[in-house]
Every structure is written in structure tokens, then in C-alpha cells.
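Spelled out, the chains give:
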Amino acid sequence: VLFPHFCALAQIPSAEDMQTKSRREVYQEGLEVREVRESSARDVGEALSKIEGVWKLRKGGIANDVVLRGFQGGNLNVLIDGARIYGACPGHMDPAAFHVDFAEVERIEITKGPFDLASQGSLGGSVNVIRKQPAAGLHLAPSLQLGSFGYVNPALTGSVGSARLEASFGYSFRRSLPFLDGHGNRMTEGAGYRPQFLNSEAFRVHTGWTGLRFSPRPNQSGELAYTRQDAANVLYPYLQMDAPYDIADRLSAGYRWADLAGALKSLRASGFYTAVRHWMTDEKRTSSVAALDVFSMATFARTRAVGARLDMEFENGILAGAESYQRNWDAVNSFRSRMMVADQNIVPNVNSTIAGFYADYSRNLTRRLRLGAGGRLDTANMYVRSASVNESLYLAYKGVSGLSRRDTNASWNLRASYGRSEAVELFLGAGSTVRVPDAQERYYNHQRPGTDWVGNPAIRPSRNTETNLGLNFRAHGFYLRPLVFYSAVTDYIAVHNQARLTAQPGITGVMARSYENVDARIYGGEVAFGASVHSRWLLSGGLSVSQGSKDPLPERGIFDTDLAEMPPVRGRTSLRYGTRLWFAELEGLAAGPQRCVDSDLRELATSGYFMMNVRAGIHRGPLALTFGVENVLDRFYLEFLSYQRDPFRTGFRVPEPGRNIFLNFGFTF
Ligand SMILES: [Cu+2]
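All of these numbers come straight from a predicted model, not from anything done at the bench. (Residues numbered from 1 in each chain as written. Predicted model: local features only at pLDDT ≥ 70, side-chain atom pairs only at ≥ 80, totals over all residues. Heavy atoms only, no water.)

J.: What exactly am I supposed to notice about the overall build of the protein chain here?
T.: Secondary structure summary: the protein chain contains five helices and 32 strands in total. Along the longest, intermediate and shortest principal axes, the C-alpha atoms of the protein chain span 70 × 55 × 50 Å. The buried share of the protein chain, taken over its 669 residues, is 56%. Residue pairs at least 24 apart in sequence account for 69% of intrachain contacts in the protein chain once pairs closer than 6 positions are excluded. (Helix = DSSP H or I, 4+ residues; strand = E, 2+ residues; numbered from the N terminus. Buried < 20%, exposed > 50% of the residue type's maximum accessible area, 1.4 Å probe, protein only. Contact = heavy atoms within 4.5 Å.)

Pasting the structure below:
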């Protein structure tokens, strides 16, 4: 069966599934891309919000950020086949997950909490996007997605080769106009767009890729892959600017030795190079009407990452490895308004170099009890390369300076799982890991009309020490997975309003957006459930809750104890009928109001909402077709994460799309 998902029962994890994934614990989740093709999701960030504990941050029609239990941005690791790619934009227009196309992807794996020690910096969790692997023979898979608001997404992937040598390629194009919300207004209306751009393209993204896989020996394989993504005309009503272009390159290579004789069972060496160039301006907004150039403000930003890693699997359940990578980040902002003409190196060409190693041991102590432990040590060095950095800004607002910094930190975790029977498993995990501040949090260097925006050279890495307790219950056609977590984050990096501390030559501003360490807590839980009747009906759903608080720091202007950007409670239920040939599904989604808001950042309370989706699909021979209507009731609603916080606010809250349809065709030859 090519598409077993049309059979409702296939969505319930089987006993076999549970065994082959014995390393996978309750805080790990996966999303298959075929599930994504049953939705109107435009990108990985939007698709992942289907998983319990994951929300998205919408800034426009595409390029949604992944938010895991209130952790986002630098607090999460997003890797593409293990390779690190970073967004170039200081306004987070191009999060890492934006730089991959669905047609490239096989599945996405999420680790919730600080339990992924194989990669540095997985503070709140990690997202690993797994790309498709070519199969022997000649294969072609054209697909076409169509949707409301002029959305088109044709794609073609193909591969050719034998078991020893395979070549693969792919191409995908995505384009859309601005969507309409439940009131019938375009997402651009009210966000300060010039009238002629209210209905201009919301995004246009070309992605092309190619790969080579070779197996000179039965137990050895190597691979080489390259992807270019070229995005243009991306509109961000959430922000004050839009992106005329964003170009990302990803190059990766790896070699694996498996089934080795001796204590070392397998070995994998891999490396990557990724680069992003990003240009954003306000040329489509009314703010540029009286400007001295086509824009009144613009930023050119670029980032590069290069790295290598070695992963080893020994007998007796020992994993060990080492990784090293360097990220460079550089951005120049230009003002051409009547108030200010300036070019500033806002991210002052900063290098961050990180090296670390890890080891993990797990074993079955008894037939029922499995224990695991892991450790990791990292050292990170960060320094400013730009000669034009204005150190007076750091002194004026933070009273500190210094353009380089080294941080060395250890991480650990302990895991236990106890299976009373095949049907009931109990999990307990505790872990502690660290993420280093990024170049923006430490060295941002921006004088602006209104408030300046300044990094904190003395800011310390954040450490998350988290405990998870979960249960996995499975019986005939029924499963239940409850999980609770408590996360204590020391030196959480919070955005705050920093008053000027000392007079410095050339610094005329009195208030800045900056970053400060505060101790914070995030706690909550998730429940996922499913029940099938006669293997054709499946009732499934889940509930996600996260709460956040932080210690006040009145001398730094931090008074409110609510943590900013914490998503509200959310629940989901769906009823699906499926045979091997077709399925139909009705889904309801509800979110509670969010009133725990950070008033220092002028966060606004958000109401709860309820919305419904319907979808159906058929599968015959090489053809799969899915059709759906999302937000059937055409409700107008906003997610809590839909607007930028003070002091950079436009004040505009980006609504969710109103009623919209999608049609996905897929062929496999
Ligand atoms: Cu940008």
C-alpha cells in the first residue's frame, strides 16, 4: 500500500512502530510530509503547528516561525538534515524553517525540551527536517497544489540510478496574493501599505535542488546535496518592511560506514555550508512616500554557517560525537528619510564559533525498565569584526563594552522509561542545556528616530533545566499520551526597554530596545489521543497548554512577571473515516483567550476562537488527490502571536485567513 494513511487505523502507532522507535521517547514527535499535503500549510512553520505543543508566529502569507511551548527563535534549533541554516533578517523575516520546501521533505522530527544533546543549543527543543532519499530505479513525482487567494505550487521531484549510484533533483514554485481574513479584508489592509500594493503578490518562491548518493560498498554510503531557494516580493504586514528578495543556498555532504566489526558499529562524518542574502525595504508602505530614495528605510543582511560533525555508534547503546561550526552575521541598515540619512552596520559582522562533543548511553536494565544518560560540553567564541561599530551605544545603555566573549558550558540529561506491559509505558526525563546569545542580542548597534536598538555585550547564555513526565497508553484501537513539563530557565534572554544610563558623545536617544537576562519558568503539558472503531473511523485530537513567568527586574524596566509571547491553551479534535481508496475528515480547533500578557512590552490580550476544517482525499494507482476547506465557518480570528511587540510595533495584528479551499494533486511514477 503506497498511501497507508488513507486507512484510518494506520494513524495509530502500531506495536512494531513502538519497538523500532524504542529510542524515541515520549517528548519526541514526527510529522510526515504526506500529512502536510492534507492541509493548506504554505511552509514548515505553519505545518508544524498541527503538533501538540507547537504554535506558529504569523507575519504574513508565508515564513511563519516555529514556537515550541513558548520557546522560539534562538531558543530552538532548526536543522535541515542536520545542517544549520540561520535567518539573515534581524526582524526574523526568514526563520530557518522558511528556507526549505515541502517537496524536498520526507518528514520533520521534533524533540521537545532540552533532550537533543547531539546538537548545541537545543534549549527549548529541536526541529530536524529530514529530506527525501532517492530510491533505486527511475522515479518521477510531479505535484500541484492550488488554493484560494491565487496560491499555486507546482513541483517536480525525480531520481534515477541503481543501488550503487543515484542522482536526484527537484524544483518547486510557490506564489500567492495576500489572503482575505474572515471579515473579507486583505491581510495588507490596515498595515500601512500604499494603495497600489494592497493586492500585489504576497510571496513568490522558487526552490531547486539536486543530490547524489553513492554506495561503493554495501555498508558504506556517501551523499552530496545542494539547494537554492530564491524568494521574492514577500510581504510582512507584521513588520514595517517587506522583502524584495531572500536568497538561500544550502550545500551538504556526508559519508557513513555501517555494520562495522568491533566496538564501533557505525560512523558518520558530515559537513555543510549555508548562506542567506536578504534585502528588506519599506518601498511598498506609506512611510516611504516622502523619502529621499525609493525607501525611507532598508536593510541588507547576510549570514553564513559552515560546520562539520562526526557521529559514532558503539555497541552497548553508546552514542558519541563532536561538532564544530561557525556562523557569520552581518547587516547594514540605511535610512533615507527626511528625519535621518544614515548607513549603520547594525549587526556588525559578528563571528560565532562553537565546538563541542557529546556522549549518550542507554540500556535496558530489565525487560521493563530502560535508562539513559547523556552529557555534552561546548565552548563558544564570539567577536565583532566590523571596524564601524559604535561602542558608545553599548556604554550609554548598558554601561559595558567589549567586542569579544567566550562561553564554555556543560549540558546533561537523564531519562527513564518503564513499560508495565506492551500497553502502558511511563517516561521520566530531566535535562539541562545552554544556548549562547546571538550576534543581535549581544552586539546589535542601531541608532534610530524614537528608540535606539542596542545589544547587550555582557548578556549571558540561557540555561534551561527541565523535567518531563509522560505516559504512553495503548490498547485495542486506542491511544492516550499525556505529558507534563516544568522548565526553569536561568538567564532567559528577554527583550526590554532600556533607559540610557550615561551620557556618551553622539548618543542623543534616551530609550533603547535591548536584551536582559532574567530568570523565567515555563510549564504546562500536552495530551494526544486517538480512538478507532472498526479500523475505519478514527477520532483523534489533543490539548496543549504552556504558561510562562519571569522575575521582575525593576532597575532594568522589567516589572511585569508574565513572559512575553506565550501562546494560549489550544485543543483540537478530528473525526476521520478512511478506507484504502478514500478518506473524509472533519476537524475542530479551539484556542482559549490569552490574558497573561507582558504589559512592559505593551502586549495585548487576545480572545479565544473556534474554527473548523473539512478535507477529503482519494488514492488510485499513481494518483493521490486531496481537497479541503479550511476555516469553513469563515470566522475572523487572530492568534496571540500575530503582532510584533513594543518598542518596534506597527500595532498591526495579522489575522488568520478566512474560508479558503485547497486542492493537492500528487503523482508517483
Ligand atoms: Cu528582513
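J.: What should I look at first to understand the pairing of strand β19 (residues 369-384) in this one?
T.: The side chains of a regular strand alternate, first on one face of the sheet and then on the other. Bridge analysis of strand β18 (residues 341-364) against β19 gives 15 bridges, and the strand direction is antiparallel. Across the sheet, residue Ala359 finds its bridge partner in β19, namely Gly375. Here 15 bridges tie β19 to strand β20 (residues 404-419), and the two strands are oriented antiparallel to one another. Bridge pairing in β20 links Gly375 to Trp412. (Pairing = 2+ DSSP bridges.)

J.: Hey, could you run me through the pattern of salt bridges in this one?
T.: Pairing between side chains of opposite charge can happen when the charged atoms of each approach one another. Counted by the stated rule, this structure contains 46 salt bridges. One salt bridge in this structure joins Arg435 and Glu441, with 2.9 Å as the shortest N-O distance. With relative accessibility at 9%, the residue Glu441 sits in the buried group. Each member of the salt-bridge network shares a partner with another, and the members are Glu38, Glu52, Arg572, Arg576, Glu585, Glu587, Arg615 and Glu630. (Salt bridge = Lys/Arg side-chain N within 4 Å of Asp/Glu carboxyl O.)

J.: Help me out: how do you make sense of unusual backbone geometry in this one?
T.: Peptide bonds are, in most cases, trans, and in most cases residues other than glycine have a negative phi. Located in the positive-phi region is His92, a residue other than glycine, with phi close to 60 degrees. Looking at the secondary structure, you find His92 in the loop between β6 (83-84) and β7 (105-112). Even without glycine at this site, Glu565 takes up a positive phi of about 60 degrees. Of the residues examined, Glu565 reaches a relative accessible area of 18% and is grouped as buried.

J.: Help me understand the coordination of the copper ion in this model?
T.: Geometry reference: four tetrahedral donors at a metal, ideal angle 109.5 degrees. Six octahedral donors, ideal angles 90 or 180 degrees. Every protein donor of the copper ion is listed here as Cys89 (SG), Met93 (SD), His278 (NE2) and Met280 (SD), and their distances to the metal cover 2.1 to 2.4 Å. Coordination at the copper ion is tetrahedral, judged from the four donor atoms that bind it and the angles of 95 to 127 degrees they form at the metal. All donors of the copper ion come from a single chain, and their spacing in sequence reads C-x3-M-x184-H-x1-M. There is no split in this pair, since His278 and Met280 are both buried. (Donors = N, O, S within 2.8 Å, 3.2 Å for Na, K, Ca; no water. Tetrahedral: all angles 85-135°; square planar, octahedral: opposite > 155°, others 65-115°.)

J.: How do you make sense of the sheet that holds strand β3 (residues 65-68) when you look at a structure like this?
T.: By way of backbone hydrogen bonds, the strands of a sheet pair with one another, either parallel or antiparallel. Spatial strand order, β2-β3-β4: three strands in an open sheet with antiparallel pairing. Two strands in the sheet have a free side with no partner beyond their single neighbour: β2 (54-57) and β4 (71-72). Judged from the four bridges that link them, β2 and β3 form a sheet pairing that is antiparallel. Counterpart to Leu57 in the pairing with β3 is Asp65.

J.: Quick question: what am I supposed to make of a nonpolar patch on the surface here?
T.: A cluster of nonpolar residues, Tyr418, Leu426, Leu428, Leu469 and Val484, forms a patch on the protein surface that exposes about 430 Å² of accessible area. Here Leu426 lies in strand β21 (residues 424-435). (Patch = residues over 30% accessible without salt bridge, like charges linked within 9 Å, V, L, I, M, F, W, Y side chains within 5 Å. Areas by Shrake-Rupley, 256 points an atom, 1.4 Å probe, with all protein chains shown as cover.)

J.: What should I look at first to understand the packing of aromatic side chains in this one?
T.: Each aromatic ring pair is specified by the distance between its two centres and by the angle formed by the two planes. Applying the stated criterion across every chain, the model contains 13 aromatic pairs. Ring centres of Trp279 and Phe295 lie 5.8 Å apart, and the angle between their planes is 80 degrees; this geometry places the pair in the edge-to-face category. On the criterion of sequence distance, the pair formed by Trp279 in strand β15 (residues 264-281) and Phe295 in the loop between β15 and β16 (297-314) is long-range, its members being 16 residues apart. You can call Phe295 buried: its relative accessible area is 8%. Their ring planes at 10 degrees and their centres at 6.4 Å tell us that Phe667 and Phe669 sit as a pair that is stacked. It is Arg69 that lies over the ring of Phe485; its NZ or CZ is 3.9 Å from the centre. Between Arg645 and the ring centre of Tyr643, over which it is positioned, the NZ or CZ distance is 4.2 Å. (Phe/Tyr/Trp six-rings, centres within 6.5 Å; stacked < 30°, edge-to-face > 60°. Lys NZ or Arg CZ within 6 Å of the ring centre and 35° of its normal.)

J.: I keep staring at the pairing of strand β14 (residues 242-257) and nothing clicks. Help me out?
T.: Across 14 bridges, the pairing between strand β13 (residues 220-234) and β14 is antiparallel. For Ala231, the partnering residue across the bridge sits in β14 and is Asp246. The pairing of β14 with β15 spans 14 bridges and is classified as antiparallel. Residue Tyr255 lies in a different strand from β15, and its bridge partner there is Ala269. The antiparallel pairing of β14 with β15 creates a hairpin that spans six residues between the two strands, and Asp259 there sits at a positive phi of about 50 degrees.

J.: What am I meant to see in the environment of Val332 here?
T.: Residue placement: Val332 occurs in strand β17 (residues 318-336). For Val332, a relative accessible area of 32% puts it in the partly exposed group. Considered as a pair, Val332 and Asn445 are 113 residues apart in the sequence and their alpha carbons are 9.9 Å apart. Setting aside anything within four residues of it in sequence, one finds Val332 in contact with Ala298, Thr299, Phe300, Gln344, Asn345 and Ile346.

J.: Quick question: what am I supposed to make of the side chain of Asn660 here?
T.: Inspection of the secondary structure puts Asn660 in strand β32 (residues 660-667). Polar contacts involving the side chain of Asn660 include one to the main-chain carbonyl oxygen of Gly658, which spans 2.9 Å. With residues up to four places along the chain from it excluded, the contact list for Asn660 reads Ser40, Ser148, Phe149, Gly628, Val629 and Glu630. (Polar contact = N/O pair within 3.5 Å; in protein donor to acceptor, adjacent residues only side chain to side chain.)

J.: Explanation requested: the environment of Thr274 in the structure shown.
T.: Looking at where Thr274 falls in the secondary structure, it is placed in strand β15. For the pair Thr274 and Thr227, spaced 47 residues apart in sequence, the C-alpha separation works out to 9.5 Å.

J.: Would you explain the sheet that holds strand β5 (residues 76-80) in this entry?
T.: Pairing within the open sheet is mixed, and its five strands lie in the order β1-β7-β8-β5-β6. The strands lining the two open edges of the sheet, one partner per strand, are β1 (28-32) and β6. Strand direction decides the pairing type here: β7 and strand β8 (residues 125-131), joined by seven bridges, are antiparallel. Looking at β8, one finds that Lys112 is bridged to Gly125.

J.: What am I meant to see in the side chain of Ser39 here?
T.: Mapped onto the elements of the fold, Ser39 is located in the loop between α2 (33-36) and α3 (44-48). Residue class for Ser39 comes out buried when judged on its relative accessible area of 17%. Separated by 3.1 Å, the side chain of Ser39 and the backbone nitrogen of Ala41 make a polar contact. With residues near it in sequence (within four places) discarded, Ser39 still touches Glu630, Phe662 and Asn664.

J.: Help me understand helix α4 (residues 391-398), please; the structure alone is not making it clear to me.
T.: A turn of α-helix holds 3.6 residues, and therefore any two residues three or four places apart point the same way. Burial of α4 is extensive: six of the eight residues sit out of reach of the surface. Taken together, the buried positions of α4 are Ser392, Leu393, Tyr394, Ala396, Tyr397 and Lys398. Structurally, α4 contributes buried residues whose contacts are with β18, α5 (439-443), β22 (445-446), β23 (452-454), β25 (478-499) and β26 (511-533). One side-chain oxygen of the residue at the start of α4 lies 3.1 Å from the amide nitrogen of Ser392, identifying that residue as Asn390. Looking one or two residues beyond α4, the residue adopting positive phi is Gly399, at roughly 65 degrees.

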